[in-house]
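# Topology and contacts: notes
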Amino acid sequence: MALEANFCRVHLGAVGPGGAWELLCVRRTRLGKSGQRICVGDRVQVEGIDWSSRRGAIAAVAERHTLLERPAVANCSRVVVAVALEQPQLDPLQLTRFLLTAERTGVAVELVLTKADLLSAADQEAWRERLRGWGYEPLLVSSQQGEGIAALRERLTQPGISVLCGPSGVGKSSLINA
């Protein structure tokens, strides 16, 4: 499910009539009055479906297994922390803050080091070893060169919802586009 203004784009578990795989839905008033908010990743019950216009209304929200507060994402199974090795240069204190925040969610944490092509093989290995000492198995990637993208895709194709986070300018959009 994705939120867009006052609407929710609901992905269906199976293809509906006319090949519909998602619906544009509004939230029933009773959900708002009960104070129940809808988050990306929620499993929802949809009613009043108009298959020809691919619209409906969210009537209920299923119990959540996890809830990240910022950004608000329900039923997340992994947090992918992306940081650049260069441009901007990796800041260990900033990385520590991101990793601690990710670990507090209680879900699996993946560490991705972007822009690996901007460092020598020796410097890449030094960062890899340092972060292994912290308890992580970092994945080094380069969106420009395509290095590590297949390995990242393989990690993320496991069932569940992944949240990608990291500082500005580290290549999150490039990872998504790749």
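Residues numbered from 1 in each chain as written. Predicted model: local features only at pLDDT ≥ 70, side-chain atom pairs only at ≥ 80, totals over all residues. Heavy atoms only, no water.

## Some words on the pairing of strand 9 (residues 108–114)
- Taken across its 7 residues, strand 9 has 6 buried, putting it largely inside the fold.
- One ladder, built from 7 bridges, connects strand 8 (residues 76–84) with strand 9; its direction is parallel. Its bridge partner lying in strand 9, R78 is registered against A108.
- In terms of handedness, the path from strand 8 via helix 2 (residues 92–104) over to strand 9 forms a crossover that is right-handed.
- Where strand 9 and strand 10 (residues 139–140) come together, 2 bridges link them in parallel fashion. Of the residues in strand 10, the one forming a bridge with V112 is L139.
- Crossover strand 9 to strand 10 through helix 3 (residues 121–133) is right-handed. (Buried < 20%, exposed > 50% of the residue type's maximum accessible area, 1.4 Å probe, protein only. Helix = DSSP H or I, 4+ residues; strand = E, 2+ residues; numbered from the N terminus. Pairing = 2+ DSSP bridges. Right-handed = clockwise from strand over helix to strand, strands pointing away.)

## Structural notes on the confidence of the model for the protein chain
- Here the protein chain averages 89 in pLDDT, and 96% of its residues register 70 or above.
- Averaged pLDDT values over the elements of the protein chain bottom out at 60 in strand 1 (residues 2–4) and peak at 96 in strand 10. (pLDDT = per-residue confidence, 0-100.)

## Considering the layout of surface pockets
- Its boundaries defined by the atoms lining it, the largest pocket holds a volume of some 370 Å³.
- R70, P71, F98, T101 and C165 are, among the 16 residues lining the largest pocket, the residues nearest its centre.
- When contributions to the lining of the largest pocket are tallied by element, the ones reaching two or more residues are strand 6 (67–68), helix 2 and strand 11 (161–165).
- Among the elements that take part in the lining of the largest pocket, helix 2 stands out by supplying 4 residues, more than any other.
- Of the residues in the lining of the largest pocket, the class split is 9 nonpolar, 3 polar and 4 charged.
- Its boundaries defined by the atoms lining it, the second largest pocket holds a volume of some 260 Å³.
- Taken together, V80, I149, L152, R153, L156, S162, V163, L164, L175, I176 and A178 make up the full set of residues lining the second largest pocket.
- Mapped onto the lining of the second largest pocket, the elements with two or more residues apiece are helix 4 (149–156), strand 11 and helix 5 (172–177).
- At 4 residues, the largest contribution of residues to the lining of the second largest pocket is made by helix 4.
- Here the residues of the lining of the second largest pocket are counted per class, giving 9 nonpolar, 1 polar and 1 charged. (1 Å grid on protein atoms, 1.4 Å probe; cavity = no way out; pocket = protein on both sides within 12 Å on 5 of 7 lines; lining within 4 Å. Points joined across faces, edges and corners; volume = space filled by probe spheres on them. Nonpolar A, V, L, I, M, F, W, Y, C, P; charged D, E, K, R; others polar.)

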